[in-house]
Amino acid sequence: MYLETPLVRHPGGRLPRDGEVWLKMECDQPVGSFKIRGIGRLCRLAAEDGVRTVVGSSGGNAGLALAYAARELGLACRVVVPEITGELMRGRLRALGAEVIVEGAAWDQADALARKLADGDDARYLPPFDHPEIWRGHAPLIHECAVAGPRPDAVVVAVGGGGLMCGVLSGMHQVGWDQVPLYAVETDGTASLRAAIEAGGPVTLARIDSIAITLGALRVADEAYRWTRRHPVTSVVVSDRDAVAACVRFADETRRLVEPACGAALAAVYDGHVPAARILVVVCGGAAVTLQLLDRWRRDLL
């Protein structure tokens, strides 16, 4: 259900220092993001167990991956989204055959309803990021990088709930990159990992206040925080403005559209937050972007 995406060297431009930036192009996945790797694996396991209906919650990308996987496997699908998920993503979910239910101001409220809806014998709740099988599904993207390109001096990922971070770090340890630093990037208003690091454990944010709504988990996965205790992880927080500027620049230089959640990781590199000679960035992608939206974000913030 997923592609082995290209690993390409950044085409150039005004990078902050001499060196190399390598891009793992998860924006090229069939659903536009890395989510299909882990969600697809979890959905397939559910189908093998005889589940006929899968239920999930999402700000957008995880739900799209779930709906796509369910369609490919012949399963019924319900996705609960928060009110901040726009009609663009709701329409894309419906186009894949998912029943879309709107609940709550943030993902956490949508998730609570999704868990309640999956109470039938043939229905199963599938989480969007906090599950070992999801992390196992994401880990191969690092295996692909280890085969296709050079060993990096640093790896950069965007962090929402922490599923990508957990999978990437698992993969890094599997290929012997256990001493390569990871830069975990969030936006102001979604920084639940930074809050956990500062508090000495996961905490719940009061609200999500960022344009990068697909990073909008009020609480990061416990396992993501635990990784910060056993691997060199640096937390980076960027502004919405910087994330959108990175999306615009990335579109200009690579001819690819990504949403601000992914732009956050790119901004950390473009703005010089990663002091390494050879950097690997997971271009996580995102389907909640169009030319019109990117232009509106640019006009509003830049």
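Residues numbered from 1 in each chain as written. Predicted model: local features only at pLDDT ≥ 70, side-chain atom pairs only at ≥ 80, totals over all residues. Heavy atoms only, no water.

## Description of the nonpolar core
Step number 1: By size, the foremost hydrophobic cluster in this structure holds 102 residues, and its most contacted members are Val54, Val156, Met165, Val168, Leu182 and Leu266.
Step number 2: Take this core: its biggest share by element is nine residues, from helix H11 (residues 260-270).
Step number 3: Filtering out sequence-adjacent residues up to four positions away, Leu182 remains in contact with Val155, Val157, Met165, Val168, Leu169, Met172, His231, Pro232, Val233 and Thr234.
Step number 4: Val80, Ala110, Ala118 and Tyr125 belong to the second-largest nonpolar core, a separate cluster that totals seven residues. (Core = buried A, V, L, I, M, F, W, Y, C linked by side-chain atoms within 4.5 Å. Buried < 20%, exposed > 50% of the residue type's maximum accessible area, 1.4 Å probe, protein only. Helix = DSSP H or I, 4+ residues; strand = E, 2+ residues; numbered from the N terminus. Contact = heavy atoms within 4.5 Å.)

## Focus on the side chain of Glu20
Step number 1: With respect to the helices and strands, Glu20 occurs in strand E2 (residues 20-24).
Step number 2: Within the structure, the side chain of Glu20 is placed 3.0 Å from the side chain of Arg278, a separation counted as a polar contact.
Step number 3: Other than its neighbours up to four places away in sequence, Glu20 contacts Arg9, Pro150, Ala277, Arg278 and Ile279. (Polar contact = N/O pair within 3.5 Å; in protein donor to acceptor, adjacent residues only side chain to side chain.)

## Some words on the pairing of strand E7 (residues 154-158)
Step number 1: Within E7, five of the five residues are buried, leaving the element largely enclosed by the surrounding structure.
Step number 2: Of the two faces of E7, the one lined by Ala154, Val156 and Ala158 and the one lined by Val155 and Val157 are each fully buried.
Step number 3: Two strands pair when backbone bridges link them, and E7 and strand E10 (residues 278-282) are joined in this way by three bridges, in the parallel orientation. Across the sheet, the residue bridging to Ala154 is Ile279, located in E10.
Step number 4: Of the strand pairs in this sheet, E7 and strand E8 (residues 182-187) are connected by four bridges, and their pairing is parallel. Looking at the pairing, Val155 lines up with Leu182 of E8.
Step number 5: Handedness of the crossover joining E7 and E8 through helix H7 (residues 163-174) is recorded here as right-handed. (Pairing = 2+ DSSP bridges. Right-handed = clockwise from strand over helix to strand, strands pointing away.)

## So, the packing of aromatic side chains
Step number 1: Tallying each qualifying case throughout the model produces one aromatic pair.
Step number 2: Measuring from ring centre to ring centre gives 5.1 Å for Trp107 and Phe129, while their planes differ by 50°; the resulting arrangement is tilted. Placement of the pair is Trp107 in helix H4 (residues 107-117) and Phe129 in the loop between strand E6 (123-125) and helix H5 (132-138), with a sequence separation of 22 residues. For the residue pair Trp107 and Phe129, the accessibility class agrees, reading buried in each case.
Step number 3: Over the ring of Trp227 we find Arg230, and its NZ or CZ is 4.0 Å from the ring centre.
Step number 4: Here Arg249 stacks its cationic end above the ring of Tyr270, 4.0 Å away from the centre of that ring. (Phe/Tyr/Trp six-rings, centres within 6.5 Å; stacked < 30°, edge-to-face > 60°. Lys NZ or Arg CZ within 6 Å of the ring centre and 35° of its normal.)

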